[in-house]
Amino acid sequence: CISTITSPAITVSASNVVIDGIRLIGNTATQYGIKVTGANVTIRNCEFEGFQTPIYVRDADGVVIKNCRITGQTDTGIEYYGSDDGIVGENVIANATGGSTIYEIKIGNSSLRNSVVGNTTTNGQIYIDNTSSAGNANAANTGTVTVAT
């Protein structure tokens, strides 16, 4: 368990990195839990508590975010922006306390799969914009994405 008040707690700028099974605890003053700018990064089996945006991916192709549990964020749970060929799936986002979106996905050739969002005090939006920075328009919402109350 890593407890932090700085932001981001972890920055991944290298490519081909796997982050597996960590738990990060932040607070509302901590903007990001993990910030990813490297390509082909996998974040799996992790827990995030607090933070404004626990997982932030920017201009990083091939990023996979899978089987993570995110609770108590005050802004977007997973923000995945300007990246292609990624997968965001099998995640649970719950007990959000603010913000306008749960997922904000602005990616091309990527997919949001089999995830659950529930028990939030936010608007509970899942926002998918299928135009990447490269202009591709092939993002997909596949499987089951459940918004639970």
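Owing to the predicted nature of the structure, the values given are computational and were not obtained by experimental measurement. (Residues numbered from 1 in each chain as written. Predicted model: local features only at pLDDT ≥ 70, side-chain atom pairs only at ≥ 80, totals over all residues. Heavy atoms only, no water.)

Student: In this structure, what is going on with the overall build of the chain? I would like to understand it.
Tutor: Assigned secondary structure in the chain consists of 0 helices and 17 strands. Taken across its 149 residues, the chain has 43% of its residues classed as buried. Residue pairs in contact within the chain that sit at least 24 positions apart in sequence constitute 48% of those at least 6 positions apart. For the chain, the accessible surface area stands at approximately 6,500 Å², while carbon and sulfur atoms represent 42% of it. (Helix = DSSP H or I, 4+ residues; strand = E, 2+ residues; numbered from the N terminus. Buried < 20%, exposed > 50% of the residue type's maximum accessible area, 1.4 Å probe, protein only. Contact = heavy atoms within 4.5 Å. Areas by Shrake-Rupley, 256 points an atom, 1.4 Å probe, with all protein chains shown as cover.)

Student: How should I be thinking about the pattern of salt bridges in this particular structure?
Tutor: Close approach of charged atoms allows side chains of opposite charge to pair. Counted by the stated rule, this structure contains 4 salt bridges. Its salt-bridge partner being R23, residue E47 comes within 3.6 Å of it at the nearest N-O pair. Placement of E47 in strand 7 (residues 47-49) and of R23 in strand 4 (residues 23-25) is noted, with a sequence separation of 24 residues between them. Among the charged side chains, a network of salt bridges with common partners joins R23, E47 and E49. (Salt bridge = Lys/Arg side-chain N within 4 Å of Asp/Glu carboxyl O.)

Student: Hey, could you run me through unusual backbone geometry in this one?
Tutor: Only a minority of non-glycine residues have a phi that is not negative, and only a minority of peptide bonds are not trans. Of note, the phi angle at D59 is positive, near 50°, even though the residue is not glycine. For D59, the location among the structural elements is in the loop between strand 8 (53-58) and strand 9 (64-66). Look at N67: it is not a glycine, yet its phi comes out positive at around 60°. The residue N67 is located in the loop between strand 9 and strand 10 (69-71) in this model.

Student: Please explain the nonpolar core as it appears in this structure.
Tutor: Across soluble globular proteins, you tend to see nonpolar side chains buried next to one another. The biggest cluster of nonpolar side chains holds 21 residues, and the ones touching the most others in it are V36, I43, F48 and I65. For I43, the contacting residues outside a window of four places in its chain are I19, I34, V36, F48, I55, V64, I65, K66 and C68. (Core = buried A, V, L, I, M, F, W, Y, C linked by side-chain atoms within 4.5 Å.)

Student: Any chance you could explain the pairing of strand 5 (residues 32-36) here in plain terms?
Tutor: Looking down a regular strand, the side chains alternate between one sheet face and the other. Strand 5 sits mainly inside the fold: 4 of its 5 residues count as buried. Summarising the sheet, strand 2 (residues 10-12) and strand 5 pair through 3 bridges and their orientation is parallel. Residue T11 lies in a different strand from strand 5, and its bridge partner there is K35. The pairing of strand 5 with strand 8 spans 4 bridges and is classified as parallel. Across the sheet, residue V36 finds its bridge partner in strand 8, namely V57. (Pairing = 2+ DSSP bridges.)

By themselves, these observations are geometric and do not establish any function.
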